Amino acid sequence: MKPDQHLTWLYGELASLVDRGVVDAASADRLRSHYGPVTERRPGSLALIVFGTIGAALVGLGIILILAHNWDGLSRPMRAGLGFSLLAAAQAIAVYAFVKRPASRALSEGSALFLGLCIGATIALIGQTYNIPGDLGSFLLVWMLLAFPLMYLLDSGAVAVGFLAGITAWSGHLQWEDLHTLWFWPMAALAAPYLVWTVRKSPYSARTGLILFGASACAIVATGVVLDGSLPGLWIPIYASLFSVMYMGGAFLFHDAENLRQKPMYGIGALGLVALSLVFTFEGLWNSIGWHYYREGDGYFGYAAVADYVLAVALISAATALLVAAVRRGRAEYIPLGAMPIVATIGYAIAGIPDYDFVPYILFNVYVFALSIYTIARGMRADRLEIVNSGMFMFSILVAMRFFDTEMSFVARGVAFIAIGIGFLAVNMVLIARKRAKT
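Keep in mind the model is a prediction, meaning the values are calculated, not measured.

Student: Residue-level account of the overall build of the chain, with values.
Tutor: When helices and strands are tallied, the chain shows 19 helices and 0 strands. Out of the 439 residues belonging to the chain, those deemed buried represent 44%. Here the analysis covers contacts within the chain between residues at least 6 apart in sequence; of these, 72% occur between residues at least 24 apart. Accessible surface computed for the chain: about 23,300 Å², of which carbon and sulfur atoms make up 70%.

Student: A description of the pattern of salt bridges should follow, citing residues and the corresponding values.
Tutor: A complete count under the given rule lists 4 salt bridges for this structure. Connected through shared salt-bridge partners, Glu109, Asp155, Lys201 and Arg207 make up one network.

Student: Report on the packing of helix 11 (residues 206-226) against helix 12 (residues 235-253), specifying residues and quantitative values.
Tutor: Packing of helix 11 against helix 12 leaves a shortest axis separation of 11 Å and a crossing angle of 165°. Judged on the interaxial angle alone, helix 12 and helix 11 are roughly antiparallel. Between helix 11 and helix 12 lies a crossing of right-handed hand. Counted together, Ser216, Ala219, Ile220, Val221, Thr223 and Gly224 of helix 11 and Ile238, Tyr239, Leu242, Phe243 and Met246 of helix 12 form the full contact between these two elements.

Student: Explain the environment of Phe393 to me, using residue names and the numbers behind them.
Tutor: Positionally, Phe393 belongs in helix 18 (residues 385-404). Sequence separation of Phe393 and Ile376 is 17 residues, and the distance between their C-alpha atoms is 9.7 Å.

Student: Any chance you could break down helix 16 (residues 340-351) for me, citing the residues and the numbers?
Tutor: Compared with an ideal rise of 1.5 Å per residue, which puts 12 residues at 16 Å, helix 16 spans 16 Å between its outermost C-alpha atoms and is within 8% of the ideal. Among the residues of helix 16, Met340, Pro341, Val343, Ala344, Gly347, Tyr348 and Ala351 are the ones counted as buried. Looking straight down helix 16, one finds that the buried residues subtend no more than 155° of arc, so they occupy a single side. If you follow the buried residues of helix 16, they end up packed against helix 12, helix 13 (264-279), helix 14 (303-328), helix 15 (335-338) and helix 17 (358-382).

Student: Which residues make up a nonpolar patch on the surface, and what values go with them?
Tutor: Taken together, the side chains of Ile353, Tyr356, Phe358, Ile362 and Val366 present a nonpolar region at the surface, about 460 Å² in accessible area. By the element assignment, Phe358 lies in helix 17. Overall, the relative accessible area of 36% leaves Phe358 in the partly exposed class.

Student: Residue-level account of the packing of aromatic side chains, with values.
Tutor: What the rule picks out here adds up to 19 aromatic pairs. Between Tyr356 and Phe358 the ring centres are 6.3 Å apart and the planes differ by 20°, which places this aromatic pair in the stacked class. Geometrically, the ring pair formed by Phe364 and Tyr367 is edge-to-face, given 5.9 Å between the ring centres and 75° between the ring planes. Taken together, the residues span about one helical turn, with Phe364 and Tyr367 both in helix 17 at a distance of 3 residues. Tyr367 carries the same exposure label as Phe364, and that label is buried. Connected via pairs of aromatic rings, a cluster forms that spans Phe148, Tyr152, Phe163, Tyr194 and Trp197. Of note, Lys201 hangs over the ring of Trp197, and the distance from its end group to the ring centre comes to 4.1 Å. The positively charged end of Lys263 is found above the aromatic ring belonging to Tyr266, 4.1 Å away from the centroid.

Student: Just give me the short version of the environment of Ala189, but keep the residues and values in it.
Tutor: Within the secondary structure, Ala189 is located in helix 9 (residues 184-189). Separated by 25 residues in sequence, Ala189 and Leu164 place their C-alpha atoms 9.8 Å apart.

Student: Account for helix 10 (residues 192-201), naming residues and giving values.
Tutor: Where helix 10 is concerned, the buried positions are Tyr194, Leu195, Thr198 and Val199. Buried residues of helix 10 fall within an arc of 130° about the axis and therefore sit on the same side. Along its buried surface, helix 10 packs onto helix 7 (149-153), helix 8 (157-176) and helix 11.

Student: Before we move on, could you go through the environment of Tyr361 and cite the residues and values that matter?
Tutor: With respect to the helices and strands, Tyr361 occurs in helix 17. What makes Tyr361 buried here is its relative accessible area of 18%. Residues Tyr361 and Phe280 lie 81 residues apart in sequence; the distance between their C-alpha atoms is 6.8 Å. Residues within four places of Tyr361 in sequence aside, it is in contact with Phe280, Thr281, Phe282, Glu283, Trp286 and Arg402.

Criteria and cut-off values
- Residues numbered from 1 in each chain as written.
- Predicted model: local features only at pLDDT ≥ 70, side-chain atom pairs only at ≥ 80, totals over all residues.
- Heavy atoms only, no water.
- Helix = DSSP H or I, 4+ residues; strand = E, 2+ residues; numbered from the N terminus.
- Buried < 20%, exposed > 50% of the residue type's maximum accessible area, 1.4 Å probe, protein only.
- Contact = heavy atoms within 4.5 Å.
- Areas by Shrake-Rupley, 256 points an atom, 1.4 Å probe, with all protein chains shown as cover.
- Salt bridge = Lys/Arg side-chain N within 4 Å of Asp/Glu carboxyl O.
- Axes fitted to C-alpha atoms, helices over the stretch in contact; angles between N-to-C directions.
- Parallel < 35°, antiparallel > 145°, perpendicular 65-115°, else oblique.
- Left-handed = near helix turned anticlockwise from the far one by under 90°.
- Expected span 1.5 Å × (residues − 1).
- Arc of directions from axis to C-beta.
- Patch = residues over 30% accessible without salt bridge, like charges linked within 9 Å, V, L, I, M, F, W, Y side chains within 5 Å.
- Phe/Tyr/Trp six-rings, centres within 6.5 Å; stacked < 30°, edge-to-face > 60°.
- Lys NZ or Arg CZ within 6 Å of the ring centre and 35° of its normal.

Such coordinate-based values are descriptive only and should not be taken to indicate function.
Here's what the structure looks like:
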């Protein structure tokens, strides 16, 4: 249950507990005072926030397009005046939201996003009007630095996700220009306190779920962008560990969540681990990786290369610590998938040995097969149809992938698919019959 649901249940029980003498009235009052009132959920509040934010974005983009259409016919002073007038209007709306309507989440989100867009538009308009030198990288950097305080001042998740997306794009531009992207991490740290505060304030709200989903997506893309790649294949343990941290971290942080929407990190991490495990079953992926194939340039110990090593050690250590925590807490259901970074790291180490790159290929085929069988068995024991089907789906994908990279006749492939399909139907029929028998 969500925290509010816990409180609703507790407050509903207090009256009967007082009547039966289990607790006295003073103790009941102290419990109510300690936990505070139950937060009322207003129907449609999330939709109002989402559509208000989208509306603000559309208004801002529409105004920019109208200005762009008439831009050539305006003088320089008029261009500058329009740019700053648009920015001033956006600031006035944001000040109104901050001072007069701080409780209106839709107004705060919409005004913050509108002002953030106007900041970027004004920078671009003034730069173009007066031919101020600069490139895409400097534009994105200045824009993000000026806009990021809005996430704190107006408690705007849209600006937070936009900021993370912006610095990810900025890092991508730096990578494209063969420049170091190490400054991405200090920039991302600017948004970390806001994310932590948001999770602590309302961990199971739909708004928090959307923010974490966007932040997780940015983290996945940014990790690939900032990797230098001096050591070929180092992305294998890095991404495996990143998804594992999301998976188990989301499971532990949001252990009371009722569905995947309330713990997006868990869902994204699980999906990423399964997808990577299936990708790692291809033999060609393990060729030409490791120390013998390092990229020419800064070599092993350039700044960017060392940053890759630090990131790899940090993520592998975090994933291992979470796996140990799962073992100590007796959360056996997290261990098989959570152990994938260890399998990936071992496979990566072995693949670096000449003439042994076939070993990780075999290792991951065995791992995915064992994981799918474990998932099916776990679902059967718990009478959970969705878990059984996920295990069957994983097994089916593994078999299908082996069909495409091995020599096998169409008849043999057809028979195998028929057998798997029959297995799907049989298992589902058995579980449905069990559930009907229990009801």
